[in-house]
Amino acid sequence: MRGPGHSRRGAPDIVRPSRAEAEEAVRTLIRWAGDDPAREGLLGTPDRVVRSYEEFFAGYSIDPVELLQRTFEETDGYDEMVVLRDIRVESYCEHHMVPIIGKAHVAYLPRHRVVGISKLARLVEAYGKRLQIQEKMTAQIANTIDEVLQPEGVAVVIEAQHQCMTTRGVHKTGVTMVTSRMLGAFRTDPSTRREFLTMIGNPSSRAD
Ligand SMILES: Nc1nc2c(ncn2[C@@H]2O[C@H](COP(=O)(O)OP(=O)(O)OP(=O)(O)O)[C@@H](O)[C@H]2O)c(=O)[nH]1
Ligand SMILES: [Zn+2]
């Protein structure tokens, strides 16, 4: 877990409550929901919820910049697009704290260096496993690749469903939010952008 003074990009430097305080907060919410935290079936629940939160919000403990530090320069001049598509996204809406589930497509045009592809998926995880809005998460992923790898261009598209729209509130299922952030050649060169959108199956114009 992150300690004081170890700030992570995009993660505020706050003093975290103790585990016991977090478990007590879960007991309060159980009472708020109308149940008894002392009943047998709920005794272990605060511990389980806090452990679940450690997974859901693991992104605050990951340094996205550090993830992209190890790069490979021997590419024999490879300068075409690198695309990682259909990366599962599990994130959490910062307004309602319920899941945002979908997929991300990440591409870049290398200048000199390439990065191990798993690191792009880890980057999605680092920003996804936080309290988010989809637009910000999309921009954070693209901006970090741009700043650290300094490629010719970066493109990030996220397609996701927000449980705050399906299980509560407006109760609309089957609605997908599509966000994108295009930088460098993906922003300025229509054919580069088109090639990328074709590779990922043109999410914004899909009929299904
Ligand atoms: N732009 C954007 N909006 C989001 C995202 N996740 C959730 N929202 C929206 O954030 C808004 C919060 O609106 P509020 O009116 O403050 O909250 P609310 O009363 O719970 O709204 P309803 O969801 O309409 O019931 C809602 O319209 C959500 O659909 C996101 O990633 N991006
Ligand atoms: Zn929400």
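Cut-off values and rules
Residues numbered from 1 in each chain as written. Chains lettered and ligands numbered in written order. Predicted model: local features only at pLDDT ≥ 70, side-chain atom pairs only at ≥ 80, totals over all residues. UniProt positions renumbered as here; feature names shortened; annotations may be inferred. Helix = DSSP H or I, 4+ residues; strand = E, 2+ residues; numbered from the N terminus. Buried ≥ 20, exposed ≤ 12 C-beta atoms within 10 Å, placed from the backbone. Contact = placed C-beta atoms within 7 Å. Domains from an automatic or database assignment. Near = placed C-beta within 6 Å. Nonpolar A, V, L, I, M, F, W, Y, C, P; charged D, E, K, R; others polar.

Per an unreviewed UniProt entry, the chain goes by GTP cyclohydrolase 1 and derives from Azospirillum thermophilum. Recorded in UniProt under Sequence similarities (unreviewed entry), the annotation for the chain is "Belongs to the GTP cyclohydrolase I family." As its UniProt record puts it under Pathway (unreviewed entry), the chain is described as follows: "Cofactor biosynthesis; 7,8-dihydroneopterin triphosphate biosynthesis; 7,8-dihydroneopterin triphosphate from GTP: step 1/1."

Some points on the environment of L123
Counting through the fold element by element, L123 comes out in helix α4 (residues 117-128). What makes L123 buried here is the crowd of 28 C-beta atoms within 10 Å. Dropping the residues within four chain positions of it, L123 is found in contact with P64, L67, L68, I141 and T144.

With respect to the domain arrangement of the chain
Examined at the domain level, the chain breaks down into domain 1 (19-56) and domain 2 (70-202). Look at where the C-alpha atoms of domain 1 and domain 2 centre, and you get two points 34 Å apart.

Notes on the site of ligand 1
Looking at ligand 1, the residues that line it are C93, H95, I133, Q134, E135, H162, C164, M165, G169 and V170. In terms of residue class, the shell around ligand 1 is made up of five nonpolar, four polar and one charged.

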